[in-house]
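# Secondary and tertiary structure notes
These are the residues of each chain, in order.
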Amino acid sequence: MAPRKKASRDSNQVPNPLTDEDRVELFRSMVGIREFEEQVQRSYLEGLVHGTTHLCNGHEAVSSGVIKALRPDDYISYTYRGHGHCLARGMDMEAAFAELFGREDGVCGGVGGSMHLTDIDKGLIGAFGIVGGGLPVAVGAGLSAQLAGKEQISVGFFGDGAANIGAFHESLNIAQVWNLPVLFVCENNLYGEFTRINHTTPYEDLVIRARGYAMEAVQVDGNNVEEVYAAASVAAMRARGGGGPTFIEAKTYRHRGHSRTDPAKYRDPAEVEAWMKRDPIDLYRKELEARGVLDDAGADAIIEELRAAAKEAADRAAASEWPSADQDFMAKTFA
Ligand SMILES: Cc1ncc(C[n+]2csc(CCOP(=O)(O)OP(=O)(O)O)c2C)c(N)n1
Ligand SMILES: [Mg+2]
């Protein structure tokens with residue numbers, strides 16, 4: 001049985017310790033995601049986003065920290081709450097907005113929308129609206145990497161709710177039995193849609209689930225980007241070296257409701273307040289300022305720059321063309 005472990009922040013264990021430049025890049029990644037999501041909400045209210053959206057405000061340290069630990073040829077599957085994973089992987093904001101707005105310049109030609117941002121060239125192999133649906137796909141990508149022998153790995157991001165889905169259990173089991181290079185990254189935000197975890201699951205520490213599959217498992221503060229990075233770096237190194245899969249449980253919280261129409265009134269205000277005080281961006285800003293990596297004006301300048309970038313990207317996307325009815329959508333999307 002794999003013991004339950006806390007992630008260590010001992011930099012000796014991290015294969016690629018962060019430089020100050022990396023730290024600023026991580027901060028920018030998180031701020032870029034936050035500002036993108038805030039602009040999505042504004043654009044939604046302007047009637048530009050068709051269908052629904054699931055914002056990831058509060059989860060930025062998980063996507064940014066894990067993806068920073070990956071190689072460009074690694075694979076990533078994620079969920080309908082997937083804007084952050086795509087942006088952390090370098091998706092262009094304008095192409096992402098155009099996709100949300102259903103426009104031709106969208107990353108999937110406008111036919112996928114918010115829940116299906118995908119870019120195979122960046123290893124972004126799919127956003128899955130079916131809860132848990134991305135996990136067998138991450139396992140398949142891990143198998144392909146193992147067979148190709150290129151030391152690639154794959155990462156499957158999913159939520160706490162997905163840990164009650166059959167495909168989750170099947171995926172962990174076969175990944176462990178076949179020793180596949182897969183990182184299972186559980187973004188445990190305590191809620192599945194509108195239901196708190198204690199109503200659906202017998203415990204809140206989902207790392208316990210990985211033990212049933214004898215899988216290496218760590219639990220991290222998902223609002224601490226460097227802790228997430230350290231755990232993902234160690235897990236990625238193990239997987240590349242043939243050491244098999246790792247389950248990473250990142251404890252986090254979503255700042256908004258499940259989707260655009262949900263005011264999230266079912267949450268205990270004290271719980272919300274406690275987590276809002278632990279905003280991953282504020283925490284990292286304070287840490288970088290304390291270490292002298294950024295000063296107050298430098299941090300503000302990054303926020304202002306990325307807020308303006310998000311607005312400009314949304315404006316350009318809103319001015320782009322609608323796909324034509326006779327367009328070969330499938331060819332464009334999967335070319
Ligand atoms: C198989 C399946 N069952 C139910 C749903 C409806 N549904 C959409 S999101 C969601 C909650 C998932 O929660 P979690 O995995 O914790 O992810 P989070 O939304 O918190 O990021 C549910 C039940 C679905 N999309 N797919
Ligand atoms: Mg959840």
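Quick note: structure is the one above.
In this report, the structure presented in the accompanying data block is examined.

The rules behind the values
Residues numbered from 1 in each chain as written. Chains lettered and ligands numbered in written order. Predicted model: local features only at pLDDT ≥ 70, side-chain atom pairs only at ≥ 80, totals over all residues. Helix = DSSP H or I, 4+ residues; strand = E, 2+ residues; numbered from the N terminus. Rg over C-alpha atoms; globule rule 2.2 N^0.38 Å. Buried ≥ 20, exposed ≤ 12 C-beta atoms within 10 Å, placed from the backbone. Contact = placed C-beta atoms within 7 Å. Axes fitted to C-alpha atoms, helices over the stretch in contact; angles between N-to-C directions. Left-handed = near helix turned anticlockwise from the far one by under 90°. Nonpolar A, V, L, I, M, F, W, Y, C, P; charged D, E, K, R; others polar. Core = buried A, V, L, I, M, F, W, Y, C linked by C-beta atoms within 7 Å. Near = placed C-beta within 6 Å. Pairing = 2+ DSSP bridges. Right-handed = clockwise from strand over helix to strand, strands pointing away. Parallel < 35°, antiparallel > 145°, perpendicular 65-115°, else oblique.

## Brief notes about the overall build of the protein
- A count of helices and strands for the protein gives 12 helices and nine strands.
- Since a compact globule built from 335 residues should have a radius of gyration of about 20 Å, the 19 Å found for the protein is in line with a globular shape.
- Per-residue burial over the protein gives 50% buried out of 335 residues.
- In the protein, of all internal contacts separated by at least 6 residues, the share reaching a separation of at least 24 is 76%.

## A closer look at the packing of helix H2 (residues 60–68) against helix H8 (residues 225–240)
- In the contact formed by H2 and H8, the axes pass within 7 Å of each other and the chain directions differ by 40°. Both H2 and H8 take part in a crossing whose hand is right-handed. For the pair H2 and H8, contact is made by Ala 61, Val 62, Ser 64, Gly 65, Val 66 and Lys 68 and by Val 225, Val 228, Tyr 229 and Ala 232, respectively.
- Partitioned by chemical class, the residues of the contact of H2 with H8 number seven nonpolar, two polar and one charged.

## Remarks on the nonpolar core
- Leu 183, Val 185, Val 228, Ala 232 and Ile 248 are the most contacted members of the largest nonpolar core, which totals 88 residues.
- Counting residues per element, this core draws most heavily on H8, which supplies 10 residues.
- Contact partners of Val 185, with chain neighbours within four places excluded, come to Val 62, Val 66, Val 155, Gly 156, Phe 157, Ile 248 and Ala 250.

## Description of H2
- Taken across its nine residues, H2 has nine buried, putting it largely inside the fold.
- By the burial criterion, the buried members of H2 are Glu 60, Ala 61, Val 62, Ser 63, Ser 64, Gly 65, Val 66, Ile 67 and Lys 68.

## Brief notes about the environment of Pro 263
- With respect to the secondary-structure elements, Pro 263 resides in the loop between strand E9 (246–251) and helix H9 (269–276).
- Each C-alpha atom, one on Pro 263 and one on Gln 146, is 44 Å from the other, the two residues being 117 residues apart in sequence.

## Observations regarding the site of ligand 1
- The immediate surroundings of ligand 1 are formed by 15 residues, with Val 131, Gly 159, Gly 161, Gly 192 and Glu 193 found nearest.
- Of the residues that constitute the shell around ligand 1, the class distribution is five nonpolar, six polar and four charged.

## Structural notes on the pairing of strand E4 (residues 154–159)
- For E4, the tally of buried residues reaches six of six residues, placing the bulk of the element in the interior.
- Burial along E4 is two-sided: the residues Ser 154, Gly 156 and Phe 158 and Val 155, Phe 157 and Gly 159 are all buried.
- Pairing of strand E2 (residues 75–79) with E4 involves three bridges; the strand directions are parallel. Along E4, the bridge assignment pairs Ile 76 with Val 155.
- With six bridges joining them, E4 and strand E5 (residues 182–188) adopt parallel strand pairing. Counterpart to Val 155 in the pairing with E5 is Leu 183.
- Crossover handedness for the path E4 to helix H6 (residues 166–177) to E5: right-handed.

## What about unusual backbone geometry?
- With a phi close to 55°, Glu 193 is a non-glycine residue in the positive phi region.
- The partly exposed category is assigned to Glu 193, around which 13 C-beta atoms lie within 10 Å.
- Notably, Ala 214 is not glycine yet its phi reads approximately 55°, a positive angle.

## Details of the environment of Ala 235
- One can find Ala 235 in helix H8.
- The exposure class assigned to Ala 235 is buried, which follows from the 29 C-beta atoms found within 10 Å.
- Sequence separation between Ala 235 and Thr 246 is 11 residues, and the spatial gap between their C-alpha atoms is 5.9 Å.
- Sequence-distant contacts of Ala 235, defined by excluding residues within four places in its chain, comprise Leu 183, Thr 246 and Ile 248.

## Some words on the packing of helix H1 (residues 20–45) against helix H10 (residues 280–290)
- For the pair H1 and H10, the least separation of the axes is 10 Å and the interaxial angle reads 155°. The angle between the axes of H1 and H10 places the two elements in the roughly antiparallel class. For the pair H1 and H10, the sense of crossing is left-handed. Contact with H1, carried on its side by Arg 23, Phe 27, Met 30, Val 31 and Arg 34, involves Pro 280, Ile 281, Tyr 284, Arg 285 and Leu 288 of H10 and no other residues of that element.
- A breakdown of the residues in the contact of H1 with H10 according to their chemical character gives seven nonpolar, no polar and three charged.

## What to know about the environment of Val 14
- Take Val 14: it is sitting in the loop between strand E1 (4–6) and H1.
- Among the residues examined, Val 14 registers 19 C-beta atoms within 10 Å and is labelled partly exposed.
- Taking C-alpha positions, Val 14 is 22 Å from Arg 285, a pair spaced 271 residues apart along the chain.
- Excluding its chain neighbours within four sequence positions, the residues that come into contact with Val 14 are Ala 230, Ser 233 and Val 234.

Note that every value here comes from positions in space, so none of it alone points to a role or purpose.
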